[in-house]
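Secondary and tertiary structure notes
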Amino acid sequence: MSDTKWRVTVDTDLCIGSGGCVLRAPDGFELDAARQSCPRHEVMASSEAVLDAAENCPVEAITIVEEESGRAVFPPEE
Ligand code: SF4
């Protein structure tokens, strides 16, 4: 999985600043001054921790797509 690059975005209209993603994947996310989550990098190496953070975001604000193929990682395609 680690060879794959992911483009990670946070929908700041949805994010409620719970901080869960930062706890689960501190290398992937940080909270800004307004307690909104931001990906630390637009494109990052795929990781279980980042996927875990996306899956457990209470408002599903985190979107992950494969950088090269554009395939949806989370939320998964129906
Ligand atoms: S887990 Fe979701 S709601 Fe909580 S800070 Fe992260 S993106 Fe925002």
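One structure accompanies this document, and this report is about it. Computed from a predicted structure; not experimentally measured.

Looking at soluble globular proteins, one finds that nonpolar side chains tend to be buried together. Judged by nonpolar contacts, the single largest core of 18 residues is most densely connected at Trp6, Val8, Phe29, Val50, Ile62 and Ile64. Elements that contribute at least two residues to this core include exactly strand E1 (5-10), helix H2 (48-56), strand E5 (62-66) and strand E6 (72-74). Per-element tally for this core: the top contributor is H2, with four residues. Excluding residues within four positions of it along the chain, Ile62 makes contact with Val8, Thr9, Val10, Cys21, Phe29, Ala53, Ala54, Cys57, Phe74 and Pro75.

What follows concerns the environment of Glu60. The residue Glu60 is located in the loop between H2 and E5 in this model. For Glu60, a relative accessible area of 51% corresponds to the exposed category. Along the primary structure Glu60 and Cys15 are separated by 45 residues, whereas in three dimensions their C-alpha atoms are 8.1 Å apart.

An order of E4-E1-E5-E6 is seen for the four strands of this open sheet, with the pairing classed as antiparallel. Every other strand in the sheet has two partners, leaving strand E4 (43-45) and E6 as the edge strands with one partner each. Adjacent strand axes in the sheet meet at a mean angle of 35 degrees, parallel and antiparallel pairs treated alike. Two strands pair when backbone bridges link them, and E1 and E4 are joined in this way by three bridges, in the antiparallel orientation. When the sheet's bridge partners are listed, Lys5 is paired in E4 with Ala45. Across the sheet, H2 is in contact with E1, E4, E5 and E6; its angle to E5 comes to roughly 135 degrees.

Reading the values: the criteria
Residues numbered from 1 in each chain as written. Predicted model: local features only at pLDDT ≥ 70, side-chain atom pairs only at ≥ 80, totals over all residues. Heavy atoms only, no water. Core = buried A, V, L, I, M, F, W, Y, C linked by side-chain atoms within 4.5 Å. Buried < 20%, exposed > 50% of the residue type's maximum accessible area, 1.4 Å probe, protein only. Helix = DSSP H or I, 4+ residues; strand = E, 2+ residues; numbered from the N terminus. Contact = heavy atoms within 4.5 Å. Pairing = 2+ DSSP bridges. Axes fitted to C-alpha atoms, helices over the stretch in contact; angles between N-to-C directions.

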